[in-house]
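A structural walkthrough
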Amino acid sequence: MRTAEVKRRFLAHFEAAGHRVAAGAPLPADDPTLLFVNAGMVPFKPYLLGQRTPPGPRMTSVQKCVRTLDIDEVGKTTRHGTFFQMNGNFSFGDYFKEEAIALAWDLVVKPVADGGYGLDADRIWATVYRDDDEAYALWRDRIGLPEARIVRRGKADNFWSMGVPGPCGPCSELFYDRGPAYGRDGGPEVDEDRFLEFWNLVFMQYERGEGSGKEDYPVLGELPSRNIDTGMGLERMAVLLQGVDNLYEIDETRPVLDAAAELTGTAYRTEPDTDVRLRVIADHVRTALMMIGDGVTPANEGRGYVLRRILRRAVRGVRQLGYEDPALPHLLPVARDCMAPSYPELATDFERIASYAYGEEDAFRGTLRQGSALLGRALSGTSGPLPAGTAFRLHDTYGFPIDLTVEIAAERGLDVDVDGFRRLMAEQRRKARQDARAKKTGHADTGLYRSLLDAGGPTDWLAHDTLTAEATVLAVLRDGGPVDAAGEGEIVTVVLDRTPFYAESGGQDSDAGTLRGTGFAAEVLDVQRPVKGLITHQVRITGGEIATGLRAHAEVDPEWRLGARQAHSGTHIVHAALRAALGPGAVQSGSYNRPGYLRLDFSWQGALPDAARGEIEETANLAIRRDLPVEVRRMPLARAREIGALALFGETYDDVVRVVEIGGAWSRELCGGTHVDHAAQVGSITLTGESSVGSGRRRVEAVTGLESFRYLARERDLVTEVAARLNAPRDRLPERVASMVEKLREAERVNRLLRDQVAVAEAGIAAAHAGDAGGVRFARAHTDAPPRRLAELIVDRLPERRPGVAAVTSPSGFVVAANQAAQDAGVSAGELVKTVLDGRGGGNARLAQGRPPGDASAALTVLARLLAASADR
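The structure displayed is predicted, hence computed values, not measured ones.

Topic: the sheet that holds strand E22 (residues 630–636)
- Read from one edge of the open sheet, three strands run E22-E23-E24, paired in antiparallel fashion. Each having just a single partner strand, E22 and strand E24 (667–670) make up the two edges of the open sheet. Strand-to-strand twist across the sheet, computed as the mean angle between neighbouring axes with direction ignored, equals 25 degrees.
- Relative to E24, strand E23 (residues 656–662) runs antiparallel, the two being bridged by four bridges. Bridge pairing in E24 places Val660 opposite Glu669.

This is how it looks when you write it as structure tokens:
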């Protein structure tokens, strides 16, 4: 039975039992405590906690999951995989233990012909929590399971939670006896390879608190209702129904394993280390396919780093098996074909998915070449742990990941000072944060800001409501500390009790404007939020003296704010246009906007075609022409996600969020910035650039409003000037310019031929006039052209069997070349240049170059003397 059919039967069984079928959630978790969905119940967590009302009392789903805590065990055991699918059925205060147990038992033992899985009831074992007498009795009396096959187990095995605060409860697990070929008899406590767990029925009735491990956490109390959360491992059921040994051999992974074996010229089940590597490759290639399919892209942090690590482990596994060329183009399409029956979007979106995976492999192969050589030298020179500084340098300079360093060192029986590495990383991040904070907050300690916040309370922030406000100066800061007053010409930081100024955040630059009061005036240069709840203003005092306790009239420059609103709304419009042109995989990963200008970073592999850029620009301006309404609403975060509001991965949000909608669902994003009231107020949007900002990330830049008109006017004036200079109609410019470029190329080609002919002649003359310097034929020349080519031509014309050296000077430098006979006699061009130029310059034994600090002819004289002196020695 194929895995897709196992999935179909599960959903059909529970739908027939009154369960509403829910679509599986994407792998990136909509939960601040998780990077990825790691259990089937994660999307249902708000229902289980009573935070939201479920769409029905009974639901069922098949959920994609990723777990990487046991990534080092992948391939070594038959039970660990990074990607898996969890079949689940859920009850929200409807049925509880009795019906959950009955529904599960019915599906697994029902004959295949009747829509079930047809497992042998005599080979099924059940476990229950140690004091769950109710579940024990249901298995014995309701199902008829012999007491010998019902096992009580402790909290670590039969009390379930996600590993973080949330719903929890006792559970009952189902195991299948695969027979003596797989291990010892005696039930799951004796051998969990022979007795394979395939279903976990969780009786979700409690809430857990903070803690670590599977047992060290408090149970806080009862949930609002008693719920059911069950999880059947889809891959494990496929193992049982397909009669294979492990999850790497089912129909969704074995073809990838076989393709890897064929590619590397190895065979599965012949050698243990090879088997482990083939399993890792099969598992990781499938996981990467599913992660990229759900919008994750390679990065150095968060979800992107997990993906990067998985891809790199797969690529390295292939290389360890002896295959050096790019492997993913051979393996990823196989994984696609395996998974597409259940997830057809993988086939339709494969071009995008493949571009990220193949690009990451190409980048990693370069990293491996550099880093592996350096790491190998470092490891060969140590018998103890690899120092933290070496591991940090490999990571920071060459992009060599620490986990790969640890793996390679372990293969050689060596440790790595990982704790020291983490301290160095933490220190680097701390310094980076301090530097960034210092630039924005005048080097003041955040402790000072917290004391100001405690003393005066949160700033009354009015940026969304008004451009002016009457305020009181609570503090004046200079050089990181408080002062009573500051005078004309000084730049200081001012804290007000209330402000209309927008503090830089969410990609939007801060407002500009003025502060005025009795006896003083100041220009606002920057506005920041150094600690949550407190707004600070960096100002230049333009007149008088500002002091703590004074009243101030704060006023935002209205033209500045208008430009900022246009740019920020323009950013949302460009993001929506990007996704319309490229698909939902083009997810924003960062932005910046100031009056008249915006830039937006997004996940994408490869440069955008000109047609796509044009489509994005046209879609954006059509939205402006339609004058789509802009509406700002505040709502619970859960509701915002429910209606599809986009949020940045990695960002944290309050329970109540601000949602900005342009044209309703056309653009719907979480955002705290300032915006126009109607799209037409943006004026227009003109894309000015598109570039790469890292692997798998692109950036578009644009101008808005009046700046857009000015940009287009400059373009128009430029075209007009070029047309006038070329004496060509504007609509014939491309043709005229193409013709001129072709003529220039031809002229350059002819010029190169002439230069080569001249160089050949000059080389012949210089070789013919070569002198003797200590037994070495020494030829010299000067040229206004690049000197390297002439030096090579000259030295090739000196007698082959006699040591010969050519030296050429030019306005751009000094080049020395030595023939093979000279090199055999111990003459090195590189050493000659370094000696003549006092250590400057560089090259190899045949050719070297540098730039003399003074007269180049003097360098030739020194070189001749050097050759003569070396012969005398």
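There's plenty left to go through after this.
Some remarks on the state of the cysteines
- Summed over all chains, the structure comprises zero disulfides.
- Among the cysteines around Cys171, which has no disulfide bond, Cys168 carries the closest sulfur, lying 11 Å off.
- Using a relative accessible area of 1% as the deciding quantity, one classes Cys171 as buried.
- With no disulfide of its own, Cys338 lies closest to Cys65 among cysteine sulfurs, the gap being 19 Å.

Quick word on the environment of Arg286
- For Arg286, the location among the structural elements is in helix H8 (residues 272–293).
- Spatially, the C-alpha atom of Arg286 lies 9.9 Å from that of Ile310, the residues being 24 residues apart in sequence.
- Not counting residues within four places of it along the chain, the set of residues in contact with Arg286 comprises Phe83, Gln85, Glu235, Glu252, Thr253, Ala335 and Met339.

Focus on the nonpolar core
- In this structure, Trp139 and Trp199 are the most contacted members of the largest nonpolar core, which totals 136 residues.
- Ignoring anything within four residues of it in the chain, the contact list for Trp139 reads Ile101, Trp105, Ala126, Val128, Gly144, Leu145, Ile150, Ser172, Leu174 and Leu201.
- Of all hydrophobic cores here, the second largest spans 24 residues; its members include Val37, Met86, Phe92 and Val164.

Observations regarding the pairing of strand E20 (residues 588–594)
- When E20 meets strand E21 (residues 597–603), the two strands line up antiparallel, connected through six bridges. Looking at E21, one finds that Gln588 is bridged to Phe602.
- Linkage of E20 to E21, two consecutive antiparallel strands, is achieved through a turn of two residues, within which Gly596 is found at a positive phi near 85 degrees.

As for unusual backbone geometry
- Of note in the backbone geometry, Arg269 takes a positive phi value of approximately 65 degrees without being a glycine.
- By the secondary structure assignment, Arg269 is in the loop between helix H7 (254–264) and H8.

Focus on the packing of H8 against helix H9 (residues 302–320)
- For the pair H8 and H9, the least separation of the axes is 9 Å and the interaxial angle reads 145 degrees. Between H8 and H9 lies a crossing whose hand is left-handed. The segment H8 lies against H9, with Arg277, Val280, Ile281, His284, Val285, Thr287, Ala288, Met291 and Ile292 engaging Arg303, Val306, Leu307, Ile310, Leu311, Arg313, Ala314, Gly317, Val318 and Gln320.
- Taken together, the residues of the contact of H8 with H9 sort by class into 12 nonpolar, four polar and three charged.

A word on empty space enclosed by the protein
- Tallied over the full model, the rule gives two cavities of 30 Å³ or more.
- There is about 30 Å³ of room inside the second largest cavity.
- Of all elements in the fold, only H9 and helix H14 (402–411) reach the threshold of two or more residues within the lining of the second largest cavity.
- A breakdown of the residues in the lining of the second largest cavity according to their chemical character gives two nonpolar, no polar and five charged.

Rules used in this analysis
- Within any chain, residue numbers begin from 1 and follow the written order of that chain's sequence.
- Local features in this predicted model are restricted to residues whose pLDDT is 70 or higher, and side-chain atom pairs enter the listing and the counts only when it is 80 or higher, whereas totals over whole chains, interfaces and linings include all residues.
- Water and hydrogen atoms play no part in the side-chain values, which are based on all heavy atoms of the structure.
- We call two strands paired when DSSP finds no fewer than two bridges between them.
- Secondary structure counts use DSSP, requiring at least four H or I residues in a row for a helix and at least two E residues in a row for a strand, with both numbered from the N terminus.
- Note on method: axes are straight lines fitted to C-alpha atoms, helices fitted across the in-contact stretch only, with angles between N-to-C directions ranging 0 to 180 degrees.
- Note on terminology: disulfide denotes any pair of cysteine sulfur atoms within 2.5 Å.
- A 1.4 Å probe rolled over the protein chains alone gives each residue an accessible area, and that area as a share of the maximum for its type sets the label: buried under 20%, exposed over 50%, partly exposed in between.
- Two residues qualify as a contact provided that any one of their heavy atoms is within 4.5 Å of a heavy atom in the partner residue.
- Residues grouped as a nonpolar core are buried Ala, Val, Leu, Ile, Met, Phe, Trp, Tyr and Cys residues, joined through side-chain atoms within 4.5 Å.
- Less than a right angle of anticlockwise turn of the near helix away from the far helix marks a crossing as left-handed, whereas a clockwise turn marks it as right-handed.
- Gly falls in the polar group here, along with every residue not listed as nonpolar (Ala, Val, Leu, Ile, Met, Phe, Trp, Tyr, Cys, Pro) or charged (Asp, Glu, Lys, Arg).
- Cavities and pockets are found on a 1 Å grid laid over the protein atoms alone: a cavity is a set of points where a 1.4 Å probe fits but cannot escape, a pocket is an open set with protein on both sides within 12 Å along at least five of seven lines, and a lining residue has an atom within 4 Å of such a point.
- Grid points are joined across faces, edges and corners, and a volume is the space filled by probe spheres set on the points.

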